[in-house]
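This is what each chain is made of:
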Amino acid sequence: MPSSVADRVGARSGPAVPGGVCAETVAGWYEDAMTSDAASARPDPTTEVVDLCRDLLRIDTTNTGDNDTSVGERRAAEYVAEKLAEVGVEPVIHESAPGRANLVARIPGADPSRGALLVHGHLDVVPADADEWSVHPFSGELRDGYLWGRGAIDMKDFDAMVLAVVRHWQRTGVQPPRDIVLAYTADEEAGSDYGAHFLVQRHGGLFDGCTEAIGEVGGFSYSVNDAQRLYLIETAEKGIDWLRLHAKGRPGHGSMVHDDNAVTALAEAVARIGRHRFPVVVTDTVRAFLEEVSDLLGIELDPDDPETAIAKLGPIANIIGATIRNTANPTRLSAGYKDNVIPGRATATIDCRSLPGQSELLERQLRELIGPDIAIEYIQRQPALETTFDGDLVEAMSAALRAEDPGARPVPYMLSGGTDAKAFSQLGIRCFGFAPLRLPADLNFSALFHGIDERVPVDGLQFGVRVLDRFLRTC
Ligand SMILES: [Zn+2]
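Residues numbered from 1 in each chain as written. Predicted model: local features only at pLDDT ≥ 70, side-chain atom pairs only at ≥ 80, totals over all residues. Heavy atoms only, no water.

The name that an unreviewed UniProt entry assigns to the protein is Acetylornithine deacetylase/Succinyl-diaminopimelate desuccinylase, with the source organism given as Micromonospora echinaurantiaca. In its Cofactor (unreviewed entry) section, UniProt records this for the protein: "Zn(2+)". (UniProt positions renumbered as here; feature names shortened; annotations may be inferred.)

Below, the structure is given as structure tokens:
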């Protein structure tokens, strides 16, 4: 990347075409391409998206959760910066620590009085063990109509789609109706401290005027039948409540009678948590989702027993099932240093996820399960998010989906995990998960997240470009 692009603060972009701020047209690029001779020389964004996504997949951006062993985010951010600079968009890159690079750029819209739309994607990926994969996880291989690689759906696909649309607009002089702020972040896969949270806390001014945002884990299809597909738009996210439990006891010799063992006390508490099922609570988002889906599938929905309906949803049951109650899963245990020594301390980590507004209730529920003698330390606490499924932006998302897929049924849903939206919502931004993808009916999409043989269908990626192009022109 040219040094002039790096670390330039507050730079704004302009259209690449001289005098080329053309009036916004609802007609898509595909129609532009039909009417302009010059267009034939331009790369088609649905072709270019494949190359862009492939290039990004080939940059290993593994986030291990440790700055010393995480790699590649700087290279990926520089790649995106180059691709933006080529078409006249001037991004800034901010590092939160050496190599932990975050990129932000602003594309001026036609109406500066309107709030800006933030479009965000993370560049890091979770680790992948090449021995377990059918292809090398950083090869970006094209096979059987899919682009394979770690990050193919989480979320270099969306990173590439956004880049393809923006590059096409800059080349053809399309201006969005309002400012669009692009953010390509580091560290999402380890809690975003070096990514979105860093940007929000240290460079919040880059997001001045942003009122709404789109990001990952929404906008993907779920086939009900040949004619109809649900598109799950994320309007809510569970909260993250990671706990460390500390049990104390009397240290001693492993050969003796001993009634104050920290390992025993901790194990009992962990087992109670792991086996507990918290009560069902159906939030507005989940109710709206279940009503729509039950109607479509002809499933009887009993509001007192949503689990029966959820069990009939097939592969997405495990996504939706986690959004009707708080959850708490033990994930780590640590105690002792020798086989015949009873340790004085034992610790466990519990991954808890809370429904909107339930974090304090969950804390009380856990305290009751754990008992009074074990200390609770919060190692991560981020609130749940929930917004309504209405307004102009939701209309624009739904219209773009229906225009490209007449069988589209957009529905709101709650994500059981967390995303960078947690950080950006702290700036008062209304966040949605909308990274449109049309998927084959038989693909188990949720299993691909952080899974082996992660891959994205090429035609789904191209569908996403067309939907995003329409949506961003009307946002
Ligand atoms: Zn992700």
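Read on for the rest.
The subject of this paragraph is helix α4 (residues 156–172). Compared with the 24 Å implied by 1.5 Å per residue over 17 residues, the 24 Å span of α4 between its first and last C-alpha is a close match. Burial runs high along α4: 17 of the 17 residues are buried. Among the residues trailing α4, glycine 173 stands out with phi positive, at a value near 75 degrees. (Helix = DSSP H or I, 4+ residues; strand = E, 2+ residues; numbered from the N terminus. Expected span 1.5 Å × (residues − 1). Buried < 20%, exposed > 50% of the residue type's maximum accessible area, 1.4 Å probe, protein only.)

Let us now look at the coordination of the zinc ion. Note on the zinc ion: its protein donors are His122 (NE2), Asp154 (OD) and Glu216 (OE). The metal-donor distances range over 1.8 to 2.1 Å. Read N to C, the donor residues that coordinate the zinc ion are spaced as H-x31-D-x61-E. A residue pair is termed long-range when its members are at least 10 positions apart, and histidine 122 in strand β3 (residues 116–122) and glutamate 216 in the loop between β7 (210–215) and β8 (220–223) qualify at 94 residues. By the burial criterion, histidine 122 is buried, and glutamate 216 matches it. (Donors = N, O, S within 2.8 Å, 3.2 Å for Na, K, Ca; no water.)

What follows covers the pattern of salt bridges. Under the criterion given, the structure shown has 29 salt bridges. Here arginine 100 and aspartate 187 are joined by a salt bridge, their closest N and O atoms 3.2 Å apart. Here arginine 100, found in the loop between β1 (92–95) and β2 (101–107), pairs with aspartate 187, found in the loop between β6 (180–185) and α5 (196–202); they are 87 residues apart in sequence, far enough to count as distant. Looking at aspartate 187, the relative accessible area reads 3%, which means it is buried. Linked through salt bridges whose partners overlap, the residues forming this network are Glu48, Lys83, Glu86, Arg167 and Arg171. (Salt bridge = Lys/Arg side-chain N within 4 Å of Asp/Glu carboxyl O.)

Below, the discussion takes up the domain arrangement of the protein. Examined at the domain level, the protein breaks down into domain 1 (45–237 + 385–473) and domain 2 (239–382). Distance between the C-alpha centres of domain 1 and domain 2: 30 Å. Contacts between the two partners involve 25 residues from domain 1 and, on the opposite side, 26 residues from domain 2. Buried area between domain 1 and domain 2, both sides added, is near 2,100 Å², and the carbon and sulfur share of it is 67%. Together, Tyr222, Met414 and Ser416 form the three largest contributors to the area buried by domain 1 at its contact with domain 2, with a combined 28%. Ionic pairing is found between arginine 409 and glutamate 292, a salt bridge with its closest N-O pair at 2.9 Å. Remark: the boundary between domain 1 and domain 2 carries 3 residue pairs in polar contact (both at pLDDT 80 or more). (Domains from an automatic or database assignment. Contact = heavy atoms within 4.5 Å. Buried area = accessible area lost by both parts, 1.4 Å probe. Polar contact = N/O pair within 3.5 Å; in protein donor to acceptor, adjacent residues only side chain to side chain.)

All right, on to the packing of aromatic side chains then. Scanning the model with the defined rule gives 6 aromatic pairs in all. Taking 4.8 Å as the distance between ring centres and 40 degrees as the angle between the ring planes, the aromatic pair formed by phenylalanine 220 and phenylalanine 445 counts as tilted. In this pair, phenylalanine 220 sits in strand β8 while phenylalanine 445 sits in helix α13 (residues 445–448), placing the two residues 225 residues apart along the sequence. Under the relative-accessibility criterion, phenylalanine 445 is labelled buried at 9%. (Phe/Tyr/Trp six-rings, centres within 6.5 Å; stacked < 30°, edge-to-face > 60°.)

With that settled, consider the nonpolar core. The biggest cluster of nonpolar side chains holds 97 residues, and the ones touching the most others in it are Phe289 and Phe471. The greatest single-element share of this core, amounting to 9 residues, is contributed by α4. In terms of domain composition, this core takes at least three residues from each of domain 1 (45–237 + 385–473) and domain 2 (239–382). Each residue touching phenylalanine 471, except ones within four places of it in the same chain, is listed here: Leu117, Ile214, Leu393, Ala396, Met397, Ala400 and Phe434. If you look at the next biggest cluster of nonpolar residues, it comprises 20 residues, including Ala116, Leu118, Val181 and Val200. (Core = buried A, V, L, I, M, F, W, Y, C linked by side-chain atoms within 4.5 Å.)

Here we come to the sheet that holds strand β19 (residues 455–457). Within the open sheet, the 3 strands sit side by side as β4-β5-β19. Their pairing is antiparallel. Lying at the two open borders of the sheet, with one neighbouring strand each, are β4 (142–143) and β19. Sheet topology note: the β4/strand β5 (residues 146–148) ladder contains 2 bridges and is antiparallel. Within β5, the position partnered with leucine 142 by the bridge is leucine 147. Helix α14 (residues 458–473) rests against β4, β5 and β19 of the sheet, and its axis sits at about 65 degrees to β19. (Pairing = 2+ DSSP bridges. Axes fitted to C-alpha atoms, helices over the stretch in contact; angles between N-to-C directions.)

Once that is clear, we can look at the sheet that holds strand β15 (residues 375–382). Ordered in space as β12-β14-β10-β15, the 4 strands form an open sheet in which the pairing is antiparallel. If you trace the sheet from one side to the other, it starts and ends with β12 (327–335) and β15, each paired once. The mean inter-strand angle of the sheet, taken between neighbouring strand axes irrespective of direction, is 20 degrees. With respect to the sheet, helix α6 (residues 262–275) is in contact with β10 (239–248), β12 and β14 (345–354), its orientation differing from that of β14 by roughly 15 degrees.

By secondary structure assignment, the location of alanine 328 is in strand β12. Remark: the alpha-carbon pair of alanine 328 and aspartate 373, spanning 45 residues in sequence, is separated by 19 Å. Once residues lying within four places of it in the same chain are set aside, the contact partners of alanine 328 are Ile273, Phe278, Ile350, Asp351, Cys352 and Leu366.

Within the secondary structure layout, threonine 308 lies in helix α8 (residues 306–311). Classification of threonine 308 by relative accessible area gives partly exposed; the value is 40%. Only 2.4 Å separates the side chain of threonine 308 from the side chain of aspartate 305, close enough to count as a polar contact.

Two faces make up the sheet, and in a regular strand the side chains alternate between them. Pairing of β10 with β14, which is carried by 10 bridges, proceeds in the antiparallel orientation. Along β14, the bridge assignment pairs arginine 244 with threonine 349. Here β10 runs beside β15; their pairing, made up of 7 bridges, is antiparallel. Within β15, the position partnered with isoleucine 240 by the bridge is glutamine 382.

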